[in-house]
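Remarks on the overall topology
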Amino acid sequence: MRRRDLCGVLLLLVYLLGVGMVTGPSLYQLLIGRLPAPRLELIPFNDIVCVLTDTTSPGLGSFTNIVGNLVLLAPLGFLLPLFWKYFNGANHTIVFAAGLSLSIELIQLAAGGVTSVDDLLLNTAGAAIGFLLAKLMLRVCPRLVPRRTSGMEWIYPFACWFTVIAFYTGADFILLA
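Each value, and the rule that gives it
Residues numbered from 1 in each chain as written. Predicted model: local features only at pLDDT ≥ 70, side-chain atom pairs only at ≥ 80, totals over all residues. Heavy atoms only, no water. Axes fitted to C-alpha atoms, helices over the stretch in contact; angles between N-to-C directions. Helix = DSSP H or I, 4+ residues; strand = E, 2+ residues; numbered from the N terminus. Parallel < 35°, antiparallel > 145°, perpendicular 65-115°, else oblique. Contact = heavy atoms within 4.5 Å. Nonpolar A, V, L, I, M, F, W, Y, C, P; charged D, E, K, R; others polar. Phe/Tyr/Trp six-rings, centres within 6.5 Å; stacked < 30°, edge-to-face > 60°. Buried < 20%, exposed > 50% of the residue type's maximum accessible area, 1.4 Å probe, protein only. Patch = residues over 30% accessible without salt bridge, like charges linked within 9 Å, V, L, I, M, F, W, Y side chains within 5 Å. Areas by Shrake-Rupley, 256 points an atom, 1.4 Å probe, with all protein chains shown as cover. Salt bridge = Lys/Arg side-chain N within 4 Å of Asp/Glu carboxyl O.

Re the packing of helix H1 (residues 3-23) against helix H5 (residues 74-83)
Contact geometry of H1 with H5 gives a least axis separation of 10 Å together with a crossing angle of 170°. Relative to H5, H1 is oriented roughly antiparallel. Mapping the contact onto sequence places Arg4, Asp5, Cys7, Gly8, Leu11, Leu12 and Tyr15 in H1 and Pro75, Leu76, Leu79, Leu80, Leu82 and Phe83 in H5. The residue inventory of the contact of H1 with H5, partitioned by class, reads 10 nonpolar, 1 polar and 2 charged.

Here's the deal with the packing of aromatic side chains
One pass over the structure, following the stated rule, counts 8 aromatic pairs. Consider the rings of Phe87 and Phe96, whose centres lie 5.9 Å apart with planes at 65°: the pair is edge-to-face. Overall, the relative accessible area of 1% leaves Phe87 in the buried class. Cluster of aromatic residues (ring-pair linked, three or more members): Tyr86, Phe87, Phe96, Trp154, Phe158 and Phe162.

Focus: a nonpolar patch on the surface
A surface patch of nonpolar side chains, about 390 Å² in accessible area, is lined by Ile129, Leu133, Leu136 and Val140. Its location among the elements puts Leu136 in helix H7 (residues 117-140). A residue is classified by how much of its surface remains accessible, and Leu136, at 52% relative accessible area, is exposed.

Digging into the pattern of salt bridges
On inspection of all chains with the given rule, the structure shows 1 salt bridge. Here Asp5 makes a salt bridge to Arg2, at a shortest N to O gap of 3.6 Å. On the accessibility criterion, Asp5 (5% relative accessible area) is buried.

Okay, structure coming up:
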């Protein structure tokens, strides 16, 4: 593993640990065993419209929901093309981000949370924005462009995400035992 790969893996791992902490069930809910009933929202843009038109939502509630979902995976879209040439194209980066977002939503559904297609769309759009920012930065600073590819670079982000899932699953079992 090259030094650049190692730096990318470590940075991505720290970032994804934060994503796992933010998107997983809360420690409090796990400790008291009070997870909400799972809810599945499959109508595109329905959640976004409801959040924006909800008058009972506290001041920043709708802003936090929509912008938070956009911002959640923007660093992923930024980091992937910065470290690995495999993610130089938008298709690889956005498909990876959409898959990661889908896995988050499915984990939330299994853990008794809300799974929304709107979250998936906003997370993926955020990753696309991050990708565009990375491409802009790489155009301004061409020395940062990853030079070579091993053909197996896609494995690093997958390994990081599976490590995060395993870590939080293990932590949940330890806390619930």
